[in-house]
Amino acid sequence: MASEKVKTFTDANFADEVKSGVVLVDFWATWCAPCRRIAPIVDQLAEEFNGRLTVAKVDIDENPMTPSKFMVRGIPTLLLFKDGDLKETIVGLETKDRLTQVINKHL
Amino acid sequence: MSTHRQVIIIGSGPAGLTAALYASRANLKPLVIEGIEAGGQLMLTTMVENWPGYRDGIMGPDLMTELRAQAERFGAEIIQGDVTSVNLSQRPFTVNVDKTAYTADALIIATGASAKWLDLGVDKKLSGRGVSTCATCDGFFFKGLPVAVVGGGDTAMEEAIYLSKLATHVTVIHRRDTLRASKVMQDKAMSTPNISFLWNKEVIDIKDLDQGKVTSLVLRDTQTGAQSDLAVDGVFIGIGHVPNTALFAGQLAMHDNGYLKTHDGSRTSVPGVFAAGDVQDHVYRQAVTAAGSGCMAAIDAERFLSGTLHDSHQSTVVSSQS
């Protein structure tokens with residue numbers, strides 16, 4: 001089951017939500033099989049970095065503007081923001097260890 | 001919780017899960033480490049029409065969900081995680097998954113193969129920016145745009161056909177003048193109005209790294225050397241696969257192309273280590289042959305553990321040549 005610590009961002013609130021702190025956003029869609037594989041890892045990251053990292057998902061079917069704005073043309077893609085600035089773009093599947101390293105660089 | 005198992009299976013495609021099914025039914029309580037590409041290549045396909053028993057086909061991800069549930073039903077334990085290293089030089093074998101070290105008396109390797117890239121450097125840099133190896137994942141982003149597919153095999157044709165429903169036009173770029181794809185896939189692709197073919201062309205560059213997205217491809221004619229540009233918003237690479245054998249470098253015998261060598265069924269060069277599926281098969285590479293070899297590996301592992309696996313004859317050297 002998805003972690004309750006993972007938020008859901010939309011086109012409407014995206015800019016506000018990434019404005020402050022370190023935020024990891026998982027771009028996904030219901031039809032994307034690899035997205036289902038990274039979802040549990042994203043959940044675990046949300047639990048483990050609780051309080052230090054905001055973790056959120058964006059459903060690209062329902063929110064076409066945000067992926068377009070950040071030129072996301074493949075999913076899963078994870079974007080990491082710090083105080084509103086895009087710091088990291090991670091395309092495709094990655095291990096939890098690798099993602100942890102990337103996140104730690106910005107905390 | 002103990003980290004020792006009689007059998008550990010690395011990989012969760014048709015080979016790994018069929019091995020898990022047989023090993024669990026043999027009461028070996030196998031541990032399956034599913035890996036980052038859990039479910040294997042079938043997770044990235046749509047309709048699988050050549051899996052026996054489904055006259056109307058079955059969706060790849062659905063097939064893998066069923067196979068996984070079937071293995072779990074008989075007691076296979078399946079964990080997420082990616083194997084970071086193995087030690088096959090001492091027994092029990094060690095399999096490291098992130099920070100946990102598992103040990104096993106027998107090991108079944110079913111790590112499969114992953115999509116091959118063009119080796120241009122730029123293709124990986126533009127991954128997720130218009131370059132993709134998975135049409136079903138990324139085709140969505142190219143609705144109403146022109147795209148290209150590189151390759152001439154079944155994977156490339158399947159990608160082209162899938163994309164033709166989304167993109168305005170699909171150009172298939174192939175470095176030869178004939179396709180390697182099966183007749184049925186060729187016919188399907190060739191009869192699709194918005195798929196066209198560029199023969200004897202190879203991709204030598206992808207633009208535009210500065211803009212951070214794909215705008216065009218630079219092609220070279222393999223016969224004349226003449227260069228040309230093709231304006232596309234996306235390019236899908238379907239030029240084959242590479243076996244996932246990096247973990248075993250220096251520990252297991254491999255063919256020159258990186259596939260694991262097996263002999264006498266599923267045995268690798270280390271007794272007690274067995275291999276199944278695409279990681280050791282560069283010839284057939286079908287879901288059903290992967291499943292079949294997964295079954296073989298489980299039976300071989302069971303016999304190894306019970307001490308009844310014997311060399312049929314001195315055939316090791318003969319049958320393991322490339």
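Not measured: the values here are computed from a predicted model.

Visitor: Lay out the overall build of chain B with the relevant residues and their values.
Guide: When you go through chain B residue by residue, the secondary structure sums to eight helices and 19 strands. Against the compact-globule benchmark of 20 Å for 322 residues, chain B has a radius of gyration of 21 Å, which places it among compact chains. When its C-alpha atoms are laid out on the principal axes, chain B stretches across 60 × 40 × 40 Å. Taking all 322 residues of chain B together, the buried fraction comes to 46%.

Visitor: Outline the overall build of chain A, supporting the account with residue identities and numerical values.
Guide: A count of helices and strands for chain A gives four helices and five strands. Mapped from its N terminus to its C terminus, chain A presents α and β elements in the order β-α-β-α-β-α-β-β-α. Relative to the compact-globule value of 13 Å for 107 residues, chain A shows a C-alpha radius of gyration of 12 Å, a close match. Taken over the C-alpha atoms alone, chain A extends approximately 30 × 30 × 25 Å along its principal axes. Considering only residue pairs separated by 6 or more positions, chain A has 74% of its internal contacts joining residues 24 or more positions apart.

Visitor: Describe in detail the sheet that holds strand 14 (residues 201-207) of chain B, supporting the description with residues and values.
Guide: All names here are of chain B. With antiparallel pairing, three strands are arranged side by side in an open sheet as 14-15-16. Each edge of the open sheet is held by one strand with a lone partner, namely strand 14 and strand 16 (227-231). The mean inter-strand angle of the sheet, taken between neighbouring strand axes irrespective of direction, is 30 degrees.

Visitor: Talk me through the sheet that holds strand 1 (residues 6-8) of chain A; I want residue IDs and the actual numbers.
Guide: All names here are of chain A. The strand order across the open sheet formed by five strands is 1-3-2-4-5, and the pairing between neighbours is mixed. Among the strands making up the open sheet, the edge pair consists of strand 1 and strand 5 (85-91). Averaged over all pairs of adjacent strands, the angle between strand axes in this sheet comes to 25 degrees, irrespective of strand direction. In this sheet, strand 3 (residues 54-59) lies alongside strand 2 (residues 22-28) in parallel orientation, the contact comprising six bridges. Note that in strand 3 the partner of tryptophan 28 across the bridge is aspartate 59. Helix 2 (residues 33-48) rests against strand 1, strand 2 and strand 3 of the sheet, and its axis sits at about 160 degrees to strand 2.

Criteria and cut-off values
- Residues numbered from 1 in each chain as written.
- Chains lettered and ligands numbered in written order.
- Predicted model: local features only at pLDDT ≥ 70, side-chain atom pairs only at ≥ 80, totals over all residues.
- Helix = DSSP H or I, 4+ residues; strand = E, 2+ residues; numbered from the N terminus.
- Rg over C-alpha atoms; globule rule 2.2 N^0.38 Å.
- Buried ≥ 20, exposed ≤ 12 C-beta atoms within 10 Å, placed from the backbone.
- Contact = placed C-beta atoms within 7 Å.
- Pairing = 2+ DSSP bridges.
- Axes fitted to C-alpha atoms, helices over the stretch in contact; angles between N-to-C directions.

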